[in-house]
Amino acid sequence: MTDAALWSTFVALLCGALYFAWPRPPAWDPVLFHHLALATLLRGEVEAADGKLEDWKLRLDALLPRGPRPPSGGWTEDPALLGEDYDLAHRLGANCSWDALAANAPAIAAAEQRRFGDVTLVWIGEPALHVPGIATRTQPTAELASLLVAFPELHQRFVLATRHHGAALLAALREAPSVRDRVRACLFVGATFDAAWLAEHFSHVAFDTELDRTVPWFVWRCGEGEDAVLAEPVIPATGRRSIAVHDLGKGDASTLGEPAVGRAMALLLAAVG
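Residues numbered from 1 in each chain as written. Predicted model: local features only at pLDDT ≥ 70, side-chain atom pairs only at ≥ 80, totals over all residues. Heavy atoms only, no water.

### Quick notes on the overall build of the chain
Item 1. Assigned secondary structure in the chain consists of 11 helices and 6 strands.
Item 2. Dimensions of the chain along its principal axes, counting C-alpha atoms only, are 70 × 50 × 40 Å.
Item 3. Relative to its 273 residues, the chain shows a buried fraction of 45%.
Item 4. If you take every contact in the chain between residues at least 6 apart in sequence, the share linking residues at least 24 apart comes to 72%.
Item 5. Summed over all atoms, the accessible surface of the chain reaches about 14,000 Å², with 57% contributed by carbon and sulfur.
Item 6. Separation of charge centres in the chain, based on 23 positive and 33 negative side chains, amounts to 2 Å. (Helix = DSSP H or I, 4+ residues; strand = E, 2+ residues; numbered from the N terminus. Buried < 20%, exposed > 50% of the residue type's maximum accessible area, 1.4 Å probe, protein only. Contact = heavy atoms within 4.5 Å. Areas by Shrake-Rupley, 256 points an atom, 1.4 Å probe, with all protein chains shown as cover. Lys, Arg positive; Asp, Glu negative; His and termini not counted. Charge placed at Lys NZ, Arg CZ, Asp CG, Glu CD.)

Printed below as a string of C-alpha cells:
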C-alpha cells in the first residue's frame, strides 16, 4: 500500500472516530414532546366536539405554557412528521400513535400502566395537579427517609413532585442519596427556589446517583420572578451529568385543573421512564 493510500485510510478512520465520539445534543426533546402531547390531547377534545381549527388554536393559546419553541409548522403540526424520535410507538409501545392519543385509545393507558407499574408519584405538600394512571402519595413535608420505609423494595421508584416546597425538596434530596438512587424524575409545578442555596449547593456532584444516569427534572413555571427559575448547574470536568433540568415554560396556575394538562404530564413521565 502506498503512503498516499495509508494516509487516506488514516484520515478516514480519524474522521469516523471523531464522528462517533463528538458529543451531540439529544435528538429527542422532552419539552417539545410534552407540548406535542398536550396539543394532541386538545385536538382530540376539539374533534370529539366537532370543533374547528380555530377552536383548537384557542385551546392551545389558553393551555400551552409559554416559552418552548414550537416545530416549524407550529403547535398544530402533525407530530408524526418529526420522525422516529417522536413516534409514540417508539416511546411507549405497540399500537401507540398520536392519532391514538387524540382518540383516547386504550393502548395509551395500557402503555402508561406498564411504565408506572413500580412507580409512585410523591407530592410534597398539596398536589398541584392530578396526574392520572400513576399511584400517588402525599406527604406534608420534604422528609424523605420515610419513603425507604414505606417502599422497601429496591425496584420501587419515585417521581418527586411539589408546588410549594421547591427549596425544601432540593435541600432534602441533596442529603438523601439512597432516595436519589430510586428517583425516576422530579416535577416542580409553580415552585420557587432559594438562589443563594442553589449557588452554594446545587451541582451535578451533589446530586449524583450510584448508577451513572441522568435524572430528568421538569419545571412548570407559574411566576415571573427569578426564584421561579431552576437553571441546570454547570457540567463538571468529568462530564458526569447527574440531572437534566427541562423548563416546560410558564403556564397559568388556573389551568392546572384541566384534565388534558394532567394527562400530558402523565404521558411525559411515562415516556422518560
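### Let's talk about the pairing of strand β6 (residues 243-250)
Item 1. Across the 8 residues of β6, 6 count as buried, placing the element largely inside the fold.
Item 2. Sheet topology places strand β5 (residues 215-221) next to β6; 7 bridges connect them, and they run parallel. Looking at β6, one finds that R221 is bridged to K250. (Pairing = 2+ DSSP bridges.)

### Observations concerning the environment of H164
Item 1. Checked against the element boundaries, H164 lands in the loop between β3 (157-162) and α8 (166-174).
Item 2. Look at H164 and you get exposed, because its relative accessible area is 53%.
Item 3. As a C-alpha pair, H164 and A270 span 106 residues in sequence and 24 Å in three-dimensional space.

### Observations regarding the pattern of salt bridges
Oppositely charged side chains may form a pair once their charged atoms are brought near each other.
Item 1. Using the criterion set out here, one finds 12 salt bridges in the structure.
Item 2. Within the structure, one salt-bridge network assembled from shared partners comprises R43, E47 and D99. (Salt bridge = Lys/Arg side-chain N within 4 Å of Asp/Glu carboxyl O.)

### What about the environment of G125?
Item 1. Within the secondary structure, G125 sits in the loop between β1 (119-124) and β2 (135-139).
Item 2. G125 sits 15 residues away from P140 along the chain, and the two C-alpha atoms are 4.5 Å apart.
Item 3. Other than its neighbours up to four places away in sequence, G125 contacts T138, Q139, P140 and H165.

### Things to note about the sheet that holds β3
Item 1. Read from one edge of the open sheet, 6 strands run β2-β1-β3-β4-β5-β6, paired in parallel fashion. Two strands in the sheet have a free side with no partner beyond their single neighbour: β2 and β6. The mean angle between the axes of side-by-side strands here comes to 20 degrees, regardless of whether they run parallel or antiparallel.
Item 2. Strand direction decides the pairing type here: strand β4 (residues 183-189) and β5, joined by 4 bridges, are parallel. Along β5, the bridge assignment pairs F188 with V219. (Axes fitted to C-alpha atoms, helices over the stretch in contact; angles between N-to-C directions.)

### As for helix α3 (residues 53-63)
Item 1. Taken as a whole, α3 has its buried residues at W56, L60 and L63. Relative to the axis of α3, the buried residues are bounded by an arc of 85 degrees and lie together on one face. Exposed residues on α3 whose side chains face more than 90 degrees from its buried face are E54 and L58. (Arc of directions from axis to C-beta.)

### Here's the deal with the packing of helix α2 (residues 30-48) against α3
In a packed pair of helices, the relevant descriptors are the angle between the two axes and the axis-to-axis distance.
Item 1. As a packed pair, α2 and α3 sit with axes 9 Å apart at the nearest point and diverge in direction by 140 degrees. When the interaxial angle is binned, α2 and α3 end up oblique. You can see that α2 and α3 cross each other, and the crossing is right-handed. Residue-level contacts link L38, A39, L42, R43, E45 and V46 of α2 to D55, W56, R59, L60 and L63 of α3. (Parallel < 35°, antiparallel > 145°, perpendicular 65-115°, else oblique. Left-handed = near helix turned anticlockwise from the far one by under 90°.)

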